[in-house]
Amino acid sequence: MSFTDQYIVHEHDVLVIGAGGAGLRAAIEASAAGVKVGVICKSLLGKAHTVMAEGGMAAAMGNVDDRDNWEVHFADTMRGGQYLNNPIMVEHHAKEAPARVLELESWGAVFDRTKEGKILQRNFGGHRYPRLAHVGDRTGLELIRTLQDHGIHQGMEVFMEMTVVSLLTTGGRISGVLGYDRERGRMHVWKAKAVILATGGIGKSFRITSNSWEGTGDGHALAYEAGAELMDMEFVQFHPTGMVWPPSVRGILVTEGVRGEGGVLRNSEGKRFMFDDIPDAYRNQVAKDEEEGWKYVCGDKNANRPPELLTRDHVARCINREIKAGRGSPHGGVYLDIGWIKEKMPNASAHIQRKLPSMYHQFKQLAGVDITAEAMEVGPTTHYVMGGVAVDGHTQMSCVPGLFAAGEVTAGLHGANRLGGNSLSDLIVFGKLAGEHAAKFVKEHGAVEVDQAQVEAHTRAIMAPFDRPHGENPYGIQQDLQNTMQDLVGIVRVQGEMELALAKIEEYKARLKNVGVIGHREYNPGWHTAIDLPCMLTVSESITRSALDRKESRGAQFRDDYPEKSAECSTFNLVAKKAPDGSMQVTRRPLLQMRDDLKAVIEKMK
Amino acid sequence: MSTETAILTEAITTSKPPADHARKVSFRIWRGDKEAGAFVEYTVNVTEGMVLLDCVHRIQAEQASDLACRWNCKAGKCGSCSAEINGKPSLMCMTRMDTLPPDKVVTVEPMRSFPLIRDLVTDVSWNFRVKKTIKPFKPRKPDNADGSWTMFQQDIDRVQEFRKCIECFLCQDVCHVIRDHHKEDEFIGPRFLMYTAALEMHPLDTEDRVGDLKNRDGIGYCNITKCCTKVCPEHIGITDNAIIPMKERVVDEFYDPITRLFRIFKGKK
């Protein structure tokens, strides 16, 4: 059978993998540059995980507090990331975000408004001023729908429910990608001069996560296999507030917006425990008592934030500590109470339902809890990975020529811990940048031929599970891996447990060789899981190896055996790369030097 | 919650099993493709708090790894897991098992209005094609020097209601114009009538889509049975707040005698 009989072949200048906020924004930008663009969605268009984002997108527009500007946003993001961030990216993000938000409005987005008719902004953890443009608690839906509805008229070709299994390289440069469609299980080859990865996160490697089935780290693994570097993988964000009950919804996100609107955390003794532990870097930014915290929520410019609005890494650890100390709620969480604000305002119930409609709906329908009257039970959930493909901060290109990345799959903007709201602005700021530079790249470089032998080898590998109908069920390995990562490389880490995790990952790799699936290639979830597993294993290994090598506690990484920050570890990022012998090598790379003017901004904002 | 579900919920509250008590529930799930198919029975242990999608996942993991089912967020936000549960178009992720009649077999079928791909998965691509035919958003010039616009909350409340839509297409599935009469070529369905309404009521928009609604999009086919509103998981007032006002605009523009007279004088078509 000839190559074209076996494969459906497409040809594009720029091919975007992923159709969440970053992928769609990149595709819009590349289309605007006049090149031929294709977008591959793992699900249907408009269903990507961006829809789950709730609280808002951070942009220093100063609509609510005019003291806000890019310098404050820059300093907040660097402080939140514990100074491991790429300062070039943080600067670009802080300067560009307001324009990107306004652009969404020009494409039809409808943000909540201030009394003066401007875009309303809300408080969020680690942001000094109210900075998050939002639509109730469904900002992600607004973002993706706006980009989708605008994007479909820009000439891009959209491929829905297709999964990429390999990036193709020729002479070290990107030449295309190989994938399959879910509907029929046919194999596709997309020839492309440049590829933009916008594949999102990795949460599915953990048992308790806010991520959907799609978050299997495909882009991370594809890039790694193609020779790119994965940086900062040890930094996995455990969002402090996921649902804990009932069991079937464990992990589903409860927006930080609840705390932004005045929600407080209490333990089983009714105590607001967040006041007990304030990190030094934030000491002069936190309210001295409950009254001042409430004033801040109400917009009093002289008040400091309540401690519930400290960064996510810190809040998650405090919650974890309360639960471990036996002061948790009946189902192993703590209490998040927004209903208490009725003591402070009339019509609190209507106010909560207007500001947090999906939270109200989600708890009412799934847990039988009325959040306007009862406290929610919440606990940490695997939410986001700060680490990802290492890229040039000016162009978003990786070390593989022609391979770009944007959004969660990328490292650099968030350092050791991401601030809430910086992810949605990340998508639109760096999606645009990646689209722009990918289009520029294809105009400057010709096409390269796809290597057919490479395509055939990858195809054989993904078809192999069908030859073993009595092989191991892929769901079993997936579950074991999720338990390993959750229990041994989770929110509190120690060397011995992580070494055990590495040994188990090796064991799963061996078991994967004997994985089998039943049925045929049409819409077969068992087969899809078998194909996702190698990606999840690569991601898990890079997280574990990096976490082992960083012998300190910083940002999202907490090591019980090294509970303090170390001066030595403040000088490097960790980079995982595939060695010529196929093993994973983790090396230390000195931090990017910060320009003096940016150093001065940080000093000024201290 | 729709009235039907509310009544159902209330009716079974008394017979709810005690907490943490697993009970066996039987399912009839449609298995098959375009050519052939049949209901297959599965039995699953159901514990407190489980939703129907959990049961489908359990069947996938333990009994039928090739059972096709579309889903993403599992929190009622993405609109992927639409199906017909005991005959009612619903999201599988938001259907709690304790809201279904206990001790009865639960029937799960794919949405009937769309072509079947496999098992519970249907081909909803028609919806994406329809959306592309609707004239896109076209804003007026910015009000302010920084490129921004001034809009007030009370002017956008209605549009925000429509923009809550998660595109689960349950409204399209239940609409008899599509389901029974297959007017897909002449009628865009409640989802896109509402989408058009959201654009038409957007304070910044300058485009005119009223002619399309009448001549191309088949708004006249809607006879206000409100089935779409009843199945909407976002509780959007699709019929009352979107479709009826659009019907009124069509009437004002094309059937009002005085406006017609003006049109003749002004030479508008």
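Residues numbered from 1 in each chain as written. Chains lettered and ligands numbered in written order. Predicted model: local features only at pLDDT ≥ 70, side-chain atom pairs only at ≥ 80, totals over all residues. Heavy atoms only, no water.

**Q** I'm lost on the overall build of chain A in this one. Help?
**A** Helices and strands together make up the secondary structure of chain A, namely 17 helices and 18 strands. For chain A, whose C-alpha radius of gyration is 23 Å, the value lies close to the compact-globule estimate of 25 Å for 606 residues. Projected onto its principal axes, the C-alpha positions of chain A cover 75 × 50 × 50 Å. The buried share of chain A, reckoned over its 606 residues, is 68%. The contacts in chain A between residues at least 6 apart in sequence include a share of 74% that link residues at least 24 apart. Per element, the accessible surface of chain A, about 19,700 Å² overall, is 50% carbon and sulfur. For chain A, the distance from the average position of its 70 positive side-chain charges to the average position of its 77 negative side-chain charges is 2 Å. (Helix = DSSP H or I, 4+ residues; strand = E, 2+ residues; numbered from the N terminus. Rg over C-alpha atoms; globule rule 2.2 N^0.38 Å. Buried < 20%, exposed > 50% of the residue type's maximum accessible area, 1.4 Å probe, protein only. Contact = heavy atoms within 4.5 Å. Areas by Shrake-Rupley, 256 points an atom, 1.4 Å probe, with all protein chains shown as cover. Lys, Arg positive; Asp, Glu negative; His and termini not counted. Charge placed at Lys NZ, Arg CZ, Asp CG, Glu CD.)

**Q** What is the right way to look at the nonpolar core in this model?
**A** It is characteristic of soluble globular proteins that their nonpolar side chains tend to be buried jointly. In terms of nonpolar packing, the biggest core is built from 257 residues, with Val-14, Leu-167 and Leu-197 of chain A together with Phe-27, Leu-52, Met-92 and Met-97 of chain B touching the most fellow members. Counting residues per element, this core draws most heavily on helix H12 (residues 422–444) of chain A, at 11 residues. Those residues in contact with Leu-52 of chain B that lie beyond four places of it in its chain are Phe-27, Ile-85, Met-92, Thr-95, Met-97, Leu-100, Val-106 and Val-108 of chain B. Of all hydrophobic cores here, the second largest spans seven residues; its members include Phe-235, Tyr-384, Met-386 and Ala-416 of chain A. (Core = buried A, V, L, I, M, F, W, Y, C linked by side-chain atoms within 4.5 Å.)

**Q** Where do I start with the interface of chain B and chain A in this structure?
**A** Contacts between chain B and chain A engage 58 residues on the former and 60 residues on the latter. A buried area of about 5,000 Å², summed over both sides, lies between chain B and chain A, and 56% of it is on carbon and sulfur atoms. The largest share of the area that chain B buries against chain A comes from Asn-72, Lys-77 and Arg-163 of chain B, three residues that together contribute 15% of it. At the surface where chain B touches chain A, the tally comes to five salt bridges. For Glu-142 of chain A, the salt bridge is made with Arg-163 of chain B, and the minimal N-O distance between the two is 2.6 Å. No other element matches helix H4 (residues 153–162) of chain B, which puts four residues into the side of chain B that touches chain A. Residue classes in the side of chain B that touches chain A are distributed as 30 nonpolar, 13 polar and 15 charged. (Buried area = accessible area lost by both parts, 1.4 Å probe. Salt bridge = Lys/Arg side-chain N within 4 Å of Asp/Glu carboxyl O. Nonpolar A, V, L, I, M, F, W, Y, C, P; charged D, E, K, R; others polar.)

**Q** Looking at this structure, how should I read the pairing of strand E14 (residues 376–385) of chain A?
**A** Residues and elements named next belong to chain A. Counted residue by residue, E14 has nine buried out of 10 residues, so it is predominantly covered. Two strands pair when backbone bridges link them, and strand E11 (residues 236–243) and E14 are joined in this way by six bridges, in the antiparallel orientation. Along E14, the bridge assignment pairs Gln-237 with Tyr-384. Inspection of the sheet shows strand E13 (residues 334–337) paired to E14 by three bridges, in the antiparallel sense. Looking across to E14, one finds that Leu-336 is bridged to Met-376. (Pairing = 2+ DSSP bridges.)

**Q** How do you make sense of the packing of aromatic side chains when you look at a structure like this?
**A** Two numbers describe a pair of aromatic rings. These are the distance of the centres and the angle of the planes. All names here are of chain B. Per the counting criterion, the structure on display carries 13 aromatic pairs over all chains. Seen in terms of ring centroids, Trp-30 and Phe-39 are 5.3 Å apart; in terms of plane orientation they differ by 80°. Their pairing is edge-to-face. You can call Trp-30 partly exposed: its relative accessible area is 22%. A relative accessible area of 30% means that Phe-39 is categorised as partly exposed. With a centroid separation of 6.0 Å and an interplanar angle of 80°, the aromatic rings of Phe-128 and Phe-169 are classed as edge-to-face. You can see Phe-128 sitting in helix H3 (residues 125–133) and its partner Phe-169 sitting in the loop between H4 and helix H5 (170–174), a full 41 residues away along the chain. Of the residues examined, Phe-169 reaches a relative accessible area of 3% and is grouped as buried. (Phe/Tyr/Trp six-rings, centres within 6.5 Å; stacked < 30°, edge-to-face > 60°.)

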